[in-house]
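# Chains, contacts and geometry: an overview
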Amino acid sequence: MRNLSEYLGIEKEVLEKTYSRRPANLGEMLNRSCLNHPDKIALVEENRRISYRNLSALVEKFSYTLRCSYKVRKGDRIAILLPNSIDYAVCYLAAVKTGALAVSLNTRCSAAELHFMIEDAEPKVLIVNHDLFFNIEPFAKKYFSPENIIFSDQTKINDSSPLLSEILSDATPCVEELPKIDESDIAGLMYTSGTTGRPKGAKISHGNIIANSIVLSFVYLCSENDIDLILAPLFHATGLYGQLLRSIYMGSTCVIPHKFQAIDAMQVIEKEKINVCVAVPTIFWLIMVHCDFNKFNLSSLRRIVYGGSPASESFVIQIASNFPKALQINAYGLTECTSVATALPPSECLTKIGSIGLPVPFSEIEIIDPTRHILPPGEIGELIIRGPQVCQSYWKNTNSTSSTFHGGWLHTGDLAKKDSEGFIYLMDRKKDMIIRGGENIYSVEVENALYNHPKVLEAAVVGVPDKIFGEQVKACIVLKSGEVSDADDIRSFCRLYLADYKIPKFIEFLNTLPRNPAGKVIKEKLL
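Residues numbered from 1 in each chain as written. Predicted model: local features only at pLDDT ≥ 70, side-chain atom pairs only at ≥ 80, totals over all residues. Heavy atoms only, no water.

### Considerations on the sheet that holds strand 25 (residues 506-509)
In spatial order, the strands read 23-24-25; together these three strands make up an open sheet with mixed pairing. In this open sheet, the two edge strands, each paired with only one partner strand, are strand 23 (456-466) and strand 25. Taking each pair of neighbouring strands and ignoring which way they run, the sheet shows an average axis angle of 25 degrees. Across the face of the sheet, helix 15 (residues 443-451) comes into contact with strand 23 and strand 24 (470-479) while running at roughly 145 degrees to strand 23. (Pairing = 2+ DSSP bridges. Helix = DSSP H or I, 4+ residues; strand = E, 2+ residues; numbered from the N terminus. Axes fitted to C-alpha atoms, helices over the stretch in contact; angles between N-to-C directions. Contact = heavy atoms within 4.5 Å.)

### So, the pairing of strand 3 (residues 77-81)
With respect to burial, strand 3 is a largely interior element, five of its five residues being buried. Residues Arg 77, Ala 79 and Leu 81 line one face of strand 3 and the alternating positions Ile 78 and Ile 80 line the opposite face, and both faces are buried. Of the pairings in the sheet, the one linking strand 3 to strand 4 (residues 101-104) comprises four bridges and is parallel in character. The partner of Arg 77 across the bridge, within strand 4, is Leu 101. Taking the sense of rotation as the criterion, the β-α-β connection linking strand 3, helix 5 (residues 86-97) and strand 4 turns out right-handed. Two elements, strand 3 and strand 5 (residues 125-128), share four bridges in a ladder whose sense is parallel. Pairing of Ala 79 across the sheet is with Leu 126, part of strand 5. (Buried < 20%, exposed > 50% of the residue type's maximum accessible area, 1.4 Å probe, protein only. Right-handed = clockwise from strand over helix to strand, strands pointing away.)

### Observations concerning the environment of Ile 209
Checked against the element boundaries, Ile 209 lands in helix 9 (residues 206-219). Ignoring sequence-local partners within four residues, the contact set of Ile 209 consists of Leu 26, Tyr 92, Ala 187, Ile 204, Tyr 241, Leu 245 and Thr 338.

### Let's talk about the sheet that holds strand 4
Picture the strands of a sheet paired through backbone hydrogen bonds; they go either parallel or antiparallel. What the six strands build is an open sheet, ordered 6-5-3-4-7-8; its pairing is mixed. Both edges of this open sheet fall to strand 6 (149-151) and strand 8 (201-205), since each of them pairs with a single strand only. Taken over all neighbouring pairs, the strand axes of this sheet differ in orientation by 20 degrees on average, direction set aside. The strands that helix 7 (residues 130-143) touches are strand 3, strand 5 and strand 6; relative to strand 5, the one it contacts most, it runs at about 130 degrees.

This is how it looks when you write it as structure tokens:
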């Protein structure tokens, strides 16, 4: 199978030289960027700006406190439950610098889900803000003493719990040496979304993150002059690994809004002259259909990266029309591979619509049948991935580890095919494939057709039980603001793209699609 580096003309010697000079761990990665760009702005959060020199100093101070006051040792866990912010970056980098595992807790999770993750990870310290603490307060005292709960804002629950700002202003150098940290050491636990059961903690190593950063520096055509806009949450692989840490590796700048609003995003793009943005297609749709879209100068955008849901033909064409100077990159990845595994070259965005591209540098991808034999082009099977950015196991979950990781390969559970040129097309999750009267129907294929409808903003397809056919196709649709449609219109449109048996029998119009805290559609709620 072809590799993206070959397609983009990246010389093997350049890749190997870059990789051979990689930092040993994330602490060294930050130190290098601080040394090379001490006065450059590393992070922007509203009116707060912080240079690489100051970022490194804050990380150093907090790591002192974690080691000396909290007795954090290599292998301990530190839980971070914070919104997107500079504080999040400081806490994450300080945690991994001590050799601890940073546990990225999802701020959108329910109390029950957070309870499971905290109980599973057994963190020694919790870093949280006042608002999010109330979601876990009923059980937090079971796992943390008041002294081991650090509040990031200026309000704390009791006098025993310190403020992060106090720690950073009062910290004194620690006499204890930092532990030796190798690239094989685990940097963090990131819990999967749990669409196939309870969340699993993917053990992401320092080496996984650094390899991912190197890979994306080539795939996203990055430079130290980039200004990234992070719209994904930092508890998600895209935001944390794909943008924040990749940007720190490059020595470039990240702008971190607290939350996404289309109007705010456009204001930031114009003000900060953002040139790189990574998000799901829905985010870009919400920006493009906003009534004030044409009031902003967004011409600074040079690379638009999307993934996580189908990119329809109409979406790709609309991006090309609204951002004519921007390169489009359709990417695919998972938490377990630290962010991105494949990407579609910008030159093919209009000719290979629907493809998730080719394997990224250093990676291998195969399509296999249930007996683990490699399938030829055109045949649909399970997509498996191998490479230095792929993690090797889950935290305290031997059953899931053994079923997902075999001989260094990550078995994704995603069904895919490749064409004669090696370009990969994602078809479905194994569990989401619909079997109607013995015919296999891939929900992604139907969703792609629905996304081509000019009035459709979002779509999700599921199989519902049927006494005669076994299953029938059901489509749940969110229309763009102000648009009106009906089931007959949708079915007539689908006939342009789909065989009769794939056309949805049932169509339901919704205001929003139900999503889990990671933003993935919860298809069980659509049945």
